[in-house]
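Structural overview
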2 protein chains.
Amino acid sequence: MKYDFEESVGVWLTLAHQSYSRAIAERLLPHGITFRQAQVLGFLELDGPQTQSELAGKMMIEPPSLVGVLNRMERSGLVERQCCPDDRRCNSIHLLPSAEALWQQVAECARQVRTAAVRGMSGAEIAQLKRLLTKVNENVSDF
Amino acid sequence: MKYDFEESVGVWLTLAHQSYSRAIAERLLPHGITFRQAQVLGFLELDGPQTQSELAGKMMIEPPSLVGVLNRMERSGLVERQCCPDDRRCNSIHLLPSAEALWQQVAECARQVRTAAVRGMSGAEIAQLKRLLTKVNENVSDF
DNA sequence: CTAAGATAGTTAACGCGTTAACTATCTCTC
DNA sequence: GAGAGATAGTTAACGCGTTAACTATCTTAG
């Protein structure tokens, strides 16, 4: 009773995910930014200044994971931690001017990869892919 | 011109992949083993003693990434690095007795998650999922 | 046979993920 | 108003991924 490494959803999933994130990382590299940092930029751009917990929630990582990302981004002068006056436990994360310019380029990278990923697929196929991936997600989430 | 985080293949892919690997990790935890260590076990079980480069290739990680995994597995008494007599640059990685027993349980975990992932999907849908994921992989690999 | 190049493995430096444990601060209840 | 509990952020310890640079060893060409 052998375990077949080749014929498992897990393998296809891993392969696709790996190529995808590698493609984004490679395109982001020349801009001196990582995928996670780009995501922070995106959410701040989209929803304005917000809390670390909020950001971590949207990025679907644990708060401690965000600490390092923000430290590096602060060091690069992209964002700023600003203490909330009404709740001194919170930090409000703000974009700095240099980040605004960068965001346009970063968004373009993401858009390119996103477009490339579904090249040659019909609308119906894309919808189907989404449906099946969502299904896998559900199946596996609730154990 | 906003970047839509919700409606991208990347997001669906990430979500599915995350749940999947989390599900495996959770099931493996009680056995005191990680996903990567389980993979090493699997490939050694399947193909017998082999080189670190070979292993890294099959796991699709870089050789330096494997070093730490093997160090920890050696520390746990699961595997052994054995110097190849015919080519003294290579290490031949061997399973130790305690690993043999563990493997049965680990394989069962993987099988459970793999089965759960496609629950409620027809054979045609699974084939379609594979086809689409492979397509995404190809699309994005060759830039 | 020797010098040059390829290959196997390691280390170092970095980024990022986790959980557990800690510090502040806020909130809620008595 | 004081003590108990919830919440925001951090740190520490761990696992794992990368690239670049280094050490051995083997191979190959001259």
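Along each chain, residues carry numbers from 1 onward, in the same order as the chain's sequence is written. Numbering of ligands from 1 and lettering of chains from A proceed in the order in which they are written. Only residues with pLDDT of at least 70 get local features here, since the model is predicted, and only at 80 or more are side-chain atom pairs given and counted; chain-wide, interface and lining totals rely on the full set of residues. No hydrogens and no water enter the side-chain calculation; it runs on all heavy atoms of the structure.

Identification of chain A as Transcriptional regulator SlyA from Adhaeretor mobilis is taken from an unreviewed UniProt entry.

**Examining the relation of the copies chain B and chain A**
Rule in force here: C-alpha atoms of residues with pLDDT of at least 70 in both copies form the basis for the least-squares superposition of the copies. Only heavy atoms enter the contact rule, under which two residues are in contact if any of them lie within 4.5 Å.
When chain B is fitted to chain A, the residual RMSD is 0.0 Å, and the transformation amounts to a turn of 180° plus an axial shift of 0.0 Å. Look at the turn and shift together and you get a two-fold axis relating the two. Measuring from the rotation axis to each C-alpha of chain B, the shortest distance belongs to L129 of chain B, at 3.2 Å. In this assembly the copies share their binding face: 100% of the residues contributing to the interface of chain B also contribute to that of chain A.

**So, the protein's contact with DNA strand D**
Keep this limit in mind: Near is defined per residue: the residue qualifies when any heavy atom it owns lies within 4 Å of the molecule or strand. As used in this structure description, the phrase polar contact means that two N or O atoms lie within 3.5 Å; if the pair is within protein, one of them must be able to donate a hydrogen and the other to accept it, and residues adjacent in sequence are counted only when both atoms belong to side chains. Only DSSP runs of H or I covering at least 4 residues are called helices, and only runs of E covering at least 2 are called strands; the numbering of each starts at the N terminus.
Around DNA strand D, the surrounding shell holds 22 residues, and the nearest of these are Q52 and S53 of chain A together with T34, R36 and S65 of chain B. Backbone atoms, meaning sugar and phosphate, make up 78% of the atoms of DNA strand D lying within 4 Å of the protein. Between R72 of chain B and DNA strand D, the recorded distance is 2.7 Å, taken from a side-chain N or O atom to a phosphate oxygen. If you list the elements that add at least two residues to the surface near DNA strand D, you get α3 (52–59) and α4 (63–75) of chain A together with α4 (63–75) of chain B. The element contributing the most residues to the surface near DNA strand D is α4 of chain B, with 5 residues.

**Points about the environment of S76 of chain A**
In this structure, S76 of chain A sits in the loop between α4 and β2 (79–83). Distance from S76 of chain A to G32 of chain A, taken between C-alpha atoms, is 9.6 Å for residues 44 residues apart in sequence.

**Let's talk about the sheet that holds strand β1 (residues 50–51) of chain A**
Hydrogen bonds between backbone atoms are what pair the strands of a sheet, whose relative direction is either parallel or antiparallel. Residues and elements named next belong to chain A. Inclusion rule: Note on pairing: DSSP must find at least two bridges between two strands before they are called paired.
What the 3 strands build is an open sheet, ordered β1-β3-β2; its pairing is antiparallel. Single-partner strands in this sheet number two, and they are β1 and β2. Pairing geometry for β1 and strand β3 (residues 91–95), over 2 bridges, is antiparallel. Paired with Q50 across the two strands is I93, which belongs to β3.

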